[in-house]
Amino acid sequence: MSGGATVRLGAGSPLGEVPGSPATPAPGGPNISWLRDAPLLSQDQPTFLMTPTAQAVTGFFVWTALILTCHQIYMHLRFYSSPREQRHIVRILFIVPIYAIDSWLSLLFFTNDQYYVYFDTVRDCYEAFVIYNFLSLCYEYLGGESAIMAEIRGKPIESSCMFGTCCLKGKAYSIGFLRFCKQATLQFCVVKPLMATITVILQAYGKYKDGDFNAASGYIYVTIICNISVSLSMYALFLFYFATRDLLRPYGPMLKFVMVKLVIFLSFWQGVFLAIMEKCGAIPQINSVEVSVGEGTVAAGYQNFIICIEMFFAALVLRFAFTYKVYMDKSMSAQGSCAPMKSISSSLKETMNPGDMVQDAIHNFSPAYQQYTQQSTLEQGVAPPVSRSIGAHGDTEKTLLLSSDDEF
């Protein structure tokens, strides 16, 4: 036979029809409808985020991170020899359990469209709390505002493009400089929870979807406000670190600084990047009859998957960045034994009370504070300016207001 047209079994061919029987196309023939259905079959396959493998992998990393961090928190509370420092350290360490559990639950409820928004509200509020506590911990290391000002006041601000001080050339460090750092950090503690609350409200009314950059959606406005707030807060922390890095050197600030930055700020921009990737089509959406998820949900799912894994490595690094061993040595030398369980419980309750942050925010933004700076001391005596330790739980606190005649 020459050619192959006479032996085709497709519909419409001379030998492809038997009288009295319908034409039956071969599966491998050029059937247009069969080709059109192929993508739908691939889309019906479950995405990786919905598979037991993804849940098992993230579960392993999450529970390992929880064990490591909870043990570290317990050891800090067991050897609670410097409450004013360890209070902030324990609060910072709690970011690992909160981030890990929140992200894992969001992943487990992935098919319940938009549930992750409500879970992430807790995470958003706590990360603002962590930023405040990191700056407060640095203040505690150095002995308070007055002690810091005694070291840096009047010194010229070094011009550095990397730390964003190019525009401050010719200026000197002042009380206004420290006030700006504190206020710029505290504004994030106000804006972030407020935006989280607004997100929940918009979500309830169907006006919020992750990755929806439409002007009628609340996502673009919430993202812009949060981006400005988080950038200002990060800039303030950079300025503070740049001004006090020599004073903080005995406390190993670089690893602490980098970890807090990575966990909070990098995760925020990571989520925005994934939302843009989904919007551009790089992350495929789910088109399945059985599963219906809204726009932005897949990107948020991958964000939660990545965070679950990242928290394991964060837990490992934080064990070195905020080690409990130095406080264990202080406690054993001072008391000769560790704290009882009742004391550990009361220390945990005192640690997680956010009252000090609320009072500090009111104090720093109060008009009456514009010409003053504060220095916390003890009833039993003033601590040294740069390095101090506090031994007793019962020490009460006084606040000295020192007049300020310069601004930043």
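Residues numbered from 1 in each chain as written. Predicted model: local features only at pLDDT ≥ 70, side-chain atom pairs only at ≥ 80, totals over all residues. Heavy atoms only, no water.

## Structural notes on the overall build of the chain
Here's step 1: Helix and strand content of the chain: 13 helices and two strands.
Here's step 2: Taken over 408 residues, the chain has a buried fraction of 47%.
Here's step 3: If you take every contact in the chain between residues at least 6 apart in sequence, the share linking residues at least 24 apart comes to 78%.
Here's step 4: Accessible surface computed for the chain: about 20300 Å², of which carbon and sulfur atoms make up 66%. (Helix = DSSP H or I, 4+ residues; strand = E, 2+ residues; numbered from the N terminus. Buried < 20%, exposed > 50% of the residue type's maximum accessible area, 1.4 Å probe, protein only. Contact = heavy atoms within 4.5 Å. Areas by Shrake-Rupley, 256 points an atom, 1.4 Å probe, with all protein chains shown as cover.)

## Let's talk about the nonpolar core
Here's step 1: Core analysis: the largest hydrophobic core is formed by 81 residues, its most contacted members being Ile-95, Val-96, Phe-240, Val-263, Ile-264, Met-311 and Phe-322.
Here's step 2: Ignoring anything within four residues of it in the chain, the contact list for Phe-240 reads Leu-135, Cys-138, Tyr-139, Leu-142, Ile-148, Phe-177, Leu-178, Cys-181 and Leu-248.
Here's step 3: Judged by nonpolar contacts, the second largest core, of nine residues, contains Ala-54, Leu-107, Phe-110 and Leu-274. (Core = buried A, V, L, I, M, F, W, Y, C linked by side-chain atoms within 4.5 Å.)

## Brief notes about a nonpolar patch on the surface
Here's step 1: A cluster of nonpolar side chains, contributed by Met-254, Val-258, Leu-262 and Leu-266, occupies part of the molecular surface with about 330 Å² of accessible area.
Here's step 2: Structurally, Met-254 is set in helix H9 (residues 253-279). (Patch = residues over 30% accessible without salt bridge, like charges linked within 9 Å, V, L, I, M, F, W, Y side chains within 5 Å. Salt bridge = Lys/Arg side-chain N within 4 Å of Asp/Glu carboxyl O.)

## Brief notes about the environment of Met-75
Here's step 1: Along the polypeptide, Met-75 turns up in helix H2 (residues 52-78).
Here's step 2: For Met-75, a relative accessible area of 9% puts it in the buried group.
Here's step 3: For Met-75 and Lys-325, which are 250 residues apart along the polypeptide, the C-alpha to C-alpha distance reads 8.6 Å.

## Overview of the packing of aromatic side chains
Pairs of aromatic rings are described using the distance from one ring centre to the other and the angle between the two planes.
Here's step 1: With the rule as written, the count across this model stands at 14 aromatic pairs.
Here's step 2: Centroid distance Tyr-139 to Phe-240: 5.2 Å. Interplanar angle 10 degrees. Geometry classified as stacked. Taken together, the residues span a long stretch of sequence, with Tyr-139 in helix H5 (residues 115-142) and Phe-240 in helix H8 (residues 219-248) at a distance of 101 residues.
Here's step 3: On the numbers, 4.9 Å between centres and 20 degrees between planes, the contact of Tyr-241 with Phe-257 is stacked. With Tyr-241 in helix H8 and Phe-257 in helix H9, the pair connects residues that are 16 residues apart, well separated along the chain. Assigned by exposure class, Tyr-241 and Phe-257 land together as buried.
Here's step 4: Members of the aromatic cluster, connected to one another through ring pairs, are Phe-60, Phe-61, Phe-312 and Phe-313. (Phe/Tyr/Trp six-rings, centres within 6.5 Å; stacked < 30°, edge-to-face > 60°.)

## Re the UniProt feature "transmembrane region" (unreviewed entry) in the chain
Here's step 1: Mapped onto the present numbering, the UniProt feature "transmembrane region" (unreviewed entry) falls on residues 56-77, 89-110, 130-150, 184-206, 218-242, 254-277 and 302-322.
Here's step 2: Counting secondary structure, residues 184-206 comes out at 91% helix and 0% strand; the distance between its end C-alpha atoms is 32 Å. (UniProt positions renumbered as here; feature names shortened; annotations may be inferred.)

## Points about the side chain of Gln-72
Here's step 1: Mapped onto the fold, Gln-72 is located in helix H2.
Here's step 2: Separated by 3.0 Å, the side chain of Gln-72 and the backbone oxygen of Leu-318 make a polar contact.
Here's step 3: In this structure, Gln-72 is in contact with Leu-93, Leu-318, Arg-319, Phe-322, Thr-323 and Tyr-324, ignoring residues within four places of it in sequence. (Polar contact = N/O pair within 3.5 Å; in protein donor to acceptor, adjacent residues only side chain to side chain.)

## With respect to the pattern of salt bridges
Here's step 1: This structure, assessed with the given rule, holds five salt bridges.
Here's step 2: Close ionic contact of Glu-127 with Lys-192 constitutes a salt bridge, the shortest N to O distance being 3.2 Å. Residue Glu-127 is located in helix H5, and its partner Lys-192 is located in helix H7 (residues 175-204); the two are separated by 65 residues in the primary sequence.
Here's step 3: Looking at Lys-192, the relative accessible area reads 7%, which means it is buried.
Here's step 4: Here Arg-245 and Glu-158 are joined by a salt bridge, their closest N and O atoms 3.6 Å apart. Note that Arg-245 is positioned in helix H8 and Glu-158 in the loop between helix H6 (145-152) and H7, a separation of 87 residues in sequence.

## Some points on the packing of H2 against helix H4 (residues 95-108)
Here's step 1: Running from amino to carboxyl end, H2 crosses H4 at an angle of 160 degrees, the nearest separation of the two axes being 9 Å. For the element pair H2 / H4, the angle class is roughly antiparallel. For the pair H2 and H4, the crossing hand works out as left-handed. Of the residues in H4, those touching H2 at Gln-55, Thr-58, Gly-59, Val-62, Trp-63, Ala-65, Leu-66 and Thr-69 are Val-96, Pro-97, Ala-100, Ile-101, Trp-104, Leu-107 and Leu-108. (Axes fitted to C-alpha atoms, helices over the stretch in contact; angles between N-to-C directions. Parallel < 35°, antiparallel > 145°, perpendicular 65-115°, else oblique. Left-handed = near helix turned anticlockwise from the far one by under 90°.)

## A word on the packing of helix H3 (residues 83-93) against H4
Here's step 1: Interaxial distance between H3 and H4 falls to 4 Å at its minimum, and their mutual angle equals 15 degrees. Taken together, H3 and H4 sit at an angle that is classed as roughly parallel. Listed contacts from H4 to Arg-91, Ile-92 and Leu-93 of H3 are Ile-95, Val-96 and Pro-97.
Here's step 2: Its residues assigned to classes, the contact of H3 with H4 shows five nonpolar, no polar and one charged. (Nonpolar A, V, L, I, M, F, W, Y, C, P; charged D, E, K, R; others polar.)

## Let's talk about H6
Here's step 1: Among the eight residues that make up H6, six are buried, leaving the element largely enclosed by the rest of the structure.
Here's step 2: Considered for burial, the residues of H6 that qualify are Glu-145, Ser-146, Ala-147, Ile-148, Met-149 and Ile-152.
Here's step 3: Taken from the residues just after H6, Gly-154 is the one with a positive phi, measuring 90 degrees.

## A few points about the confidence of the model for the chain
Here's step 1: Summing up the model confidence of the chain, the mean pLDDT is 74 and the portion of residues at 70 or higher is 71%.
Here's step 2: Highest mean pLDDT in the chain belongs to H2 (92); lowest belongs to helix H1 (residues 32-43) (37).
Here's step 3: Contacts for the low-pLDDT stretch residues 1-44, under 50 throughout, to residues beyond four places or in other chains number 20 contacts.
Here's step 4: Within the model, the stretch residues 372-405 combines pLDDT values under 50 with 82 contacts to residues more than four positions away or in other chains. (pLDDT = per-residue confidence, 0-100.)

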